[in-house]
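Listed below are the residues making up each chain.
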4 protein chains.
Amino acid sequence: MKKNRPKYMQIIDAAVSVIAENGYHQAQVSRIAKQAGVADGTIYLYFKNKEDILISLFEEKMGSYIEKIEPVIAGKESAAEKLLLLIDSHFRMLSEDRDLAIVTQLELRQSNKELRLKINEVLKGYMKLIDEILLEGKQNGEFSRSLDIRLARQMIFGTIDETVTTWIMNEQKYELNTLSIPIHELLLNGCGAGTSGPSASQV
Amino acid sequence: MKKNRPKYMQIIDAAVSVIAENGYHQAQVSRIAKQAGVADGTIYLYFKNKEDILISLFEEKMGSYIEKIEPVIAGKESAAEKLLLLIDSHFRMLSEDRDLAIVTQLELRQSNKELRLKINEVLKGYMKLIDEILLEGKQNGEFSRSLDIRLARQMIFGTIDETVTTWIMNEQKYELNTLSIPIHELLLNGCGAGTSGPSASQV
Amino acid sequence: MKKNRPKYMQIIDAAVSVIAENGYHQAQVSRIAKQAGVADGTIYLYFKNKEDILISLFEEKMGSYIEKIEPVIAGKESAAEKLLLLIDSHFRMLSEDRDLAIVTQLELRQSNKELRLKINEVLKGYMKLIDEILLEGKQNGEFSRSLDIRLARQMIFGTIDETVTTWIMNEQKYELNTLSIPIHELLLNGCGAGTSGPSASQV
Amino acid sequence: MKKNRPKYMQIIDAAVSVIAENGYHQAQVSRIAKQAGVADGTIYLYFKNKEDILISLFEEKMGSYIEKIEPVIAGKESAAEKLLLLIDSHFRMLSEDRDLAIVTQLELRQSNKELRLKINEVLKGYMKLIDEILLEGKQNGEFSRSLDIRLARQMIFGTIDETVTTWIMNEQKYELNTLSIPIHELLLNGCGAGTSGPSASQV
DNA sequence: TATGAATGAGGGTTCATTCAT
DNA sequence: CATGAATGAACCCTCATTCAT
């Protein structure tokens with residue numbers, strides 16, 4: 001399996017670094033190769049083409065994050081707590097790797113439609129995770145019975161995403177994680193949690 | 001004023017149509033010219049360069065939308081009603097011009113950072129509009145006193161944007177405007193409106 | 001006759017000024033038209049095409065100079081005096097119109113082969129003038145009997161031309177006309193005048 | 001070093017040939033590449049841009065000529081002999097490579113001011129060589145004590161240059177080298193050599 | 001496995017010239 | 001005579017990918 005060889009991750013990390021520093025359109029394959037310390041041709045021993053580097057980058061970084069976060073979330077008791085953990089972990093992951101944050105929030109979005117469709121495939125796992133939290137919240141009465149899960153998921157993901165993008169655009173001048181609790185409260189309210197008890201944020 | 005000559009809008013409309021059909025990276029100037037029924041060189045009598053077409057496109061379509069919607073919203077009495085009108089008009093505008101929806105939600109986001117910064121300038125007017133609604137809602141007690149306007153704005157814009165993008169990605173298989181009221185309800189709840197009275201959506 | 005209409009010279013003068021200021025490749029027809037205070041299309045009522053402006057420019061400025069200098073030179077008695085007058089007038093003409101000097105010595109030489117062939121046609125009158133001086137000098141014993149007129153002419157024209165070009169390249173930091181007498185002496189020597197009497201420069 | 005790889009000279013030679021045949025403005029990069037037997041992109045592995053090909057061409061051909069001729073001239077005893085060698089070598093070099101003659105005398109002069117300034121840099125070495133010959137001739141009494149070196153150099157270079165250009169313009173109908181001795185005699189006279197002894201051309 | 005020299009397709013923009021008014 | 005909006009051909013350069021070593 002090529003993915004297990006050291007140069008595989010070496011190239012992906014080089015891609016993140018080069019794209020974050022120079023932007024998507026300045027991230028030539030030769031530049032990534034140089035940063036990774038390999039020859040241009042070597043890239044093609046590990047990746048089908050340039051697009052494949054970017055997809056793999058997203059899969060490795062986001063895919064592995066989703067896999068990692070899933071069991072941790074499963075350990076929490078209430079949907080509210082799960083949602084808070086989701087938001088906070090999301091913010092923490094991107095705060096801790098600002099290059100990755102720039103790449104996923106700004107640069108990778110300049111890619112063509114095809115690539116973005118494939119990125120969406122990876123995100124589906126994340127959407128499913130959100131849906132499960134919402135479903136649980138509906139079923140155990142934490143959230144409104146009439147909650148439309150698809151719309152609520154768009155609200156949650158859209159809000160998180162817009163929040164991170166704004167933070168990046170403001171050159172990360174503030175601590176992203178300080179927003180976890182207020183954003184959580186907003187979203188809980190949105191889901192109808194505020195009507196039947198104390199805010200879960202206060203838990 | 002060049003903007004008043006008929007070919008100006010003719011070229012912008014051609015750009016929307018060509019980009020929607022072929023994608024951002026396939027939208028060669030010569031293709032846009034052909035679609036507009038003018039010579040390649042004529043483009044440069046009306047626009048500084050290719051990027052200028054795209055900026056102008058966004059300014060004309062979104063900028064004029066913002067200007068148009070502003071007084072209509074001002075006519076509404078409550079913040080909740082204003083928010084509903086904002087959402088519903090946003091959805092309606094993009095439903096009525098699906099090419100424009102594709103261009104603004106998917107294609108224009110592939111542009112370089114510079115262009116996107118200029119697009120953000122145009123969007124600032126929209127953000128300000130949202131902020132005003134939120135401020136009004138806070139002041140007249142419709143929304144929670146503790147509402148963080150910046151975060152609430154990110155929630156509102158992020159949710160609307162994500163909802164439209166999902167609709168586009170699903171090839172517009174459903175009516176976007178049917179989502180106006182449920183999205184409105186979600187967002188109102190998020191703003192803390194549900195805690196102190198009947199949902200404004202029911203107004 | 002188009003040449004008698006005021007706009008004809010107006011356009012030529014505008015061309016000299018625009019080319020001197022901005023260089024040959026920046027001298028677009030529209031720029032010349034603007035400088036001349038006429039519409040682009042008007043240029044084509046007076047000139048066949050852009051090249052025709054440049055040829056006419058050279059014909060008018062250099063051709064008229066040659067016609068003017070010819071009778072003055074004819075009035076001088078010795079070949080040596082005639083040569084001095086030729087050199088000094090040449091330097092004076094270009095000193096007095098530095099724009100023209102820049103255009104003829106530097107900018108017009110960037111034109112294509114065809115244009116330069118036509119310029120050479122105009123210069124033939126000048127070459128003939130030099131040849132006549134040389135022939136007279138040979139016949140009356142001022143110059144060497146063995147002088148090759150063609151080569152001597154190349155020396156004279158080449159020296160004058162190189163001297164003016166060097167002066168232009170040095171940004172006209174010195175008075176070109178101070179070189180008339182020493183250059184004259186060099187060239188007289190070259191023609192074998194120094195062997196049979198006092199320097200003609202001292203006449 | 002890129003200059004040592006065979007394709008470097010291959011491309012330069014192709015450029016000379018293409019420019020000589022089709023003219024400066026018709027010498028597209030793709031045409032030069034084709035003539036050199038390489039792909040368009042390969043040009044850019046050896047040269048920064050198109051202008052760089054032309055500068056390099058001049059440096060390689062004229063620069064290397066100047067370096068080569070310098071020690072040979074140093075071996076001659078008198079300034080007169082040195083001058084003859086300079087003229088004759090100059091004529092020989094261009095006679096032996098008529099494409100190069102066309103390119104340097106006619107085509108390269110159509111280039112923009114910037115390129116011509118760089119060409120002048122290369123020529124400065126040549127001017128220095130002429131100056132050294134003149135200085136030596138003045139000091140050892142071969143040339144007139146009152147000789148102005150700068151003006152004499154302009155005469156020498158101007159005469160040689162004009163002679164070659166006339167030869168090119170006449171489509172090389174005669175042997176350029178037959179002019180070496182008579183031109184030499186003209187220039188020696190010009191430098192005041194004829195006044196104090198037998199012509200060095202007769203040596 | 002690894003290299004890196006070589007490939008070649010593809011597009012934004014300028015500007016001399018025209019022609020309907 | 002005069003205008004100036006419209007035309008459209010023409011070209012340099014980049015960079016993802018290949019393949020001989």
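Residues numbered from 1 in each chain as written. Chains lettered and ligands numbered in written order. Predicted model: local features only at pLDDT ≥ 70, side-chain atom pairs only at ≥ 80, totals over all residues. Heavy atoms only, no water.

If you look chain A up in an unreviewed UniProt entry, it shows as TetR family transcriptional regulator from Neobacillus piezotolerans.

1. As for the overall build of chain A
Here is the rule: Working definition: helices are DSSP H or I runs of at least four residues, strands are E runs of at least two. Numbering for both runs from the N terminus. Accessible area is worked out with a 1.4 Å probe on protein chains only. A residue is then buried under 20% of its type maximum, exposed over 50%, and partly exposed in between. Throughout, a contact is declared for two residues whenever any of their heavy atoms are within 4.5 Å. To measure how exposed things are, a 1.4 Å probe is used in the Shrake-Rupley method; for residues, cover is taken only from the protein chains shown. Only four residue types enter the charge count, namely Lys and Arg as positive and Asp and Glu as negative; His and the chain termini do not. Think of each charge as sitting on NZ of Lys, CZ of Arg, CG of Asp or CD of Glu.
The number of helices and strands found in chain A is 9 helices and 0 strands. With the C-alpha coordinates aligned to their principal axes, the bounding extent of chain A is approximately 60 × 35 × 30 Å. For chain A, buried positions account for 56% of its 203 residues. Considering only contacts within chain A whose residues lie at least 6 apart along the sequence, 71% involve residues at least 24 apart. Summed over all atoms, the accessible surface of chain A reaches about 9,200 Å², with 50% contributed by carbon and sulfur. The positive charge centre, built from 25 side chains, and the negative charge centre, built from 28, are 5 Å apart in chain A.

2. Concerning the protein's contact with DNA strand E
For clarity, the threshold we go by: It suffices for a single heavy atom of a residue to lie within 4 Å of a molecule or strand for the residue to be listed as near it. Think of a polar contact as two N or O atoms within 3.5 Å of one another; within protein, one of them needs to be a possible hydrogen donor and the other a possible acceptor, and neighboring residues in sequence only count if both atoms come from side chains. Classification used: nonpolar for Ala, Val, Leu, Ile, Met, Phe, Trp, Tyr, Cys and Pro, charged for Asp, Glu, Lys and Arg, polar for all others including Gly.
Around DNA strand E, the structure places 30 residues, and the nearest of them are Arg 5 and Thr 42 of chain A, Gln 28 of chain B together with Thr 42 and Tyr 46 of chain D. Sugar and phosphate atoms represent 72% of those atoms of DNA strand E found within 4 Å of the protein. Ala 39 of chain A places a main-chain nitrogen or oxygen 3.0 Å from a phosphate oxygen of DNA strand E. Split by residue class, the surface near DNA strand E holds 12 nonpolar, 9 polar and 9 charged.

3. Things to note about the environment of Ile 66 of chain C
Within the secondary structure, Ile 66 of chain C is located in helix 4 (residues 50–74). Those residues in contact with Ile 66 of chain C that lie beyond four places of it in its chain are Val 122, Gly 125 and Tyr 126 of chain C.

4. Overview of the interface of chain A and chain B
One widely used convention gives an interface's size as the accessible area the parts lose upon coming together. Note the threshold: Buried area adds together the accessible area that both of two parts lose upon being put together, with accessible area traced by a 1.4 Å probe. We define a salt bridge as a contact between a side-chain nitrogen of Lys or Arg and a carboxyl oxygen of Asp or Glu at a distance within 4 Å.
If you look at the interface, chain A gives 36 residues, while chain B gives 35 residues. In total, about 2,800 Å² of surface goes out of reach between chain A and chain B, with carbon and sulfur atoms giving 61% of it. Three residues, Leu 151, Gln 154 and Leu 186 of chain A, lead the burial of chain A against chain B; their summed loss comes to 20% of the area buried on that side. Our enumeration of links across chain A and chain B arrives at 0 salt bridges. Run the count over chain A and chain B and you get 6 residue pairs in polar contact (both at pLDDT 80 or more). For the side of chain A that touches chain B, the secondary structure elements donating two or more residues are helix 6 (98–107), helix 7 (113–139), helix 8 (149–169) and helix 9 (180–190) of chain A. Sort the elements by how many residues they give to the side of chain A that touches chain B and helix 8 of chain A lands first, with 12 residues. For the side of chain A that touches chain B, the residue count by class is 15 nonpolar, 15 polar and 6 charged.

5. A word on the UniProt feature "DNA-binding region" (unreviewed entry) in chain A
Going by this rule: UniProt positions are given in the numbering used here, feature names are shortened, and annotations may be inferred rather than shown by experiment.
As recorded in UniProt, the sites labelled "DNA-binding region" (unreviewed entry) are residues 28–47 of chain A. Within residues 28–47 of chain A, the helical portion is 75% and the strand portion 0%, while the C-alpha atoms at the span's ends are 14 Å from each other.

6. Topic: the domain arrangement of chain A
Residue and element names in this part refer to chain A. Put simply, the rule is: For each domain, the first and last residues come from an automatic or database assignment.
The domains assigned to chain A are domain 1 (1–47) and domain 2 (51–202). Taking the mean C-alpha position of each, domain 1 and domain 2 sit 28 Å from one another. Between domain 1 and domain 2, the contact holds 16 residues from the first and 16 residues from the second. Taken together, the two surfaces of domain 1 and domain 2 that pack against each other cover about 1,400 Å², and 73% of this comes from carbon and sulfur. Interface area lost by domain 1 to domain 2 is led by Val 16, Tyr 24 and Phe 47, which between them contribute 39%.

7. Notes on the UniProt feature "domain: HTH tetR-type" (unreviewed entry) in chain A
The residues that UniProt annotates with the feature "domain: HTH tetR-type" (unreviewed entry) are residues 5–65 of chain A. From the first C-alpha to the last, residues 5–65 of chain A spans 20 Å; its make-up is 79% helix and 0% strand.

8. Thoughts on the side chain of Ser 95 of chain B
By the secondary structure assignment, Ser 95 of chain B is in helix 5 (residues 79–96). Beyond its immediate stretch of four places on either side in the chain, Ser 95 of chain B contacts Trp 167, Leu 176 and Asn 177 of chain B.

9. Details of the packing of aromatic side chains
Heads up, the condition is: Ring pairs are drawn from Phe, Tyr and Trp, using the six-membered ring of Trp, whenever the two centres fall within 6.5 Å, and their geometry is named by plane angle: stacked under 30 degrees, edge-to-face over 60, tilted for the rest. In this scheme, Lys NZ or Arg CZ marks a charge over a ring once it lies within 6 Å of the ring centre and within 35 degrees of the ring normal.
Under the defined criterion, the tally for this structure stands at 12 aromatic pairs over all chains. Aromatic side chains Tyr 65 of chain B and Tyr 126 of chain B sit 6.3 Å apart centroid to centroid with 50° between the ring planes, which places their arrangement in the tilted category. Separated by 61 residues along the polypeptide, Tyr 65 of chain B in helix 4 (residues 50–74) and Tyr 126 of chain B in helix 7 (residues 113–139) bring together distant segments of the chain. For the pair shown, Tyr 65 of chain B and Tyr 126 of chain B are each scored as buried. Connected via pairs of aromatic rings, a cluster forms that spans Tyr 65, Tyr 126 and Phe 157 of chain A. The ring of Tyr 174 of chain A carries the charged tip of Arg 150 of chain B above its face, separated from the ring centre by 5.0 Å.

10. Considering the interface of chain D and chain C
Listed per partner, the contact involves 35 residues of chain D and 36 residues of chain C. Buried area between chain D and chain C, summed over both chains or domains, comes out near 2,800 Å², and the portion from carbon and sulfur atoms is 61%. Between chain D and chain C we count 0 salt bridges in total. Applying the counting criterion to the chain D and chain C interface returns 6 residue pairs in polar contact (both at pLDDT 80 or more). Going through the elements one at a time, helix 6 (98–107), helix 7 (113–139), helix 8 (149–169) and helix 9 (180–190) of chain D are the ones with two or more residues in the side of chain D that touches chain C. Per-element accounting of the side of chain D that touches chain C gives the leading share, 12 residues, to helix 8 of chain D. Its residues assigned to classes, the side of chain D that touches chain C shows 14 nonpolar, 15 polar and 6 charged.

11. What about the environment of His 25 of chain C?
Position of His 25 of chain C relative to the elements: it lies in the loop between helix 1 (6–22) and helix 2 (29–36). Relative accessible area serves as the criterion here: at 38%, His 25 of chain C is assigned to the partly exposed category. Each C-alpha atom of the pair His 25 of chain C and Tyr 8 of chain C lies 22 Å from the other, and the pair is 17 residues apart in sequence. Contacts of His 25 of chain C, omitting those with residues within four sequence positions, involve Gln 110 of chain C together with His 25, Gln 110 and Asn 112 of chain D.

12. Thoughts on the relation of the copies chain D and chain C
Between the two chain copies there is a screw-like relation: a rotation about an axis and a shift along it. Heads up, the condition is: When the copies are overlaid, the least-squares fit takes in C-alpha atoms only where the residue has pLDDT of at least 70 in both copies.
For the pair chain D and chain C, the superposition axis carries a translation of 0.2 Å, the fit reaches an RMSD of 0.3 Å, and the rotation angle comes to 179°. In symmetry terms, the pair is related by a two-fold rotation axis. Comparing contact sets, 100% of the residues at the interface of chain D also lie at the interface in chain C, consistent with an isologous, same-surface contact.

13. Here we look at the protein's contact with DNA strand F
Lining the immediate environment of DNA strand F, one finds 31 residues, of which Thr 42 and Tyr 46 of chain B, Arg 5 and Thr 42 of chain C together with Tyr 44 of chain D sit closest. Of all DNA strand F atoms lying within 4 Å of any protein atom, the proportion belonging to sugar or phosphate reaches 72%. At 2.8 Å from a phosphate oxygen of DNA strand F is found a side-chain nitrogen or oxygen belonging to Gln 28 of chain D. Sorting the residues of the surface near DNA strand F by element identifies helix 3 (40–46) of chain A, helix 3 (40–46) of chain B, helix 3 (40–46) of chain C together with helix 3 (40–46) of chain D as the ones contributing at least two each. The residue makeup of the surface near DNA strand F, split by class, is 12 nonpolar, 10 polar and 9 charged.

14. Quick word on the arrangement of the chains
Kept free of each other, chain A and chain C leave a smallest C-alpha distance of 32 Å between them. At the level of C-alpha atoms, the two units chain B and chain C stay apart, their nearest approach being 14 Å.

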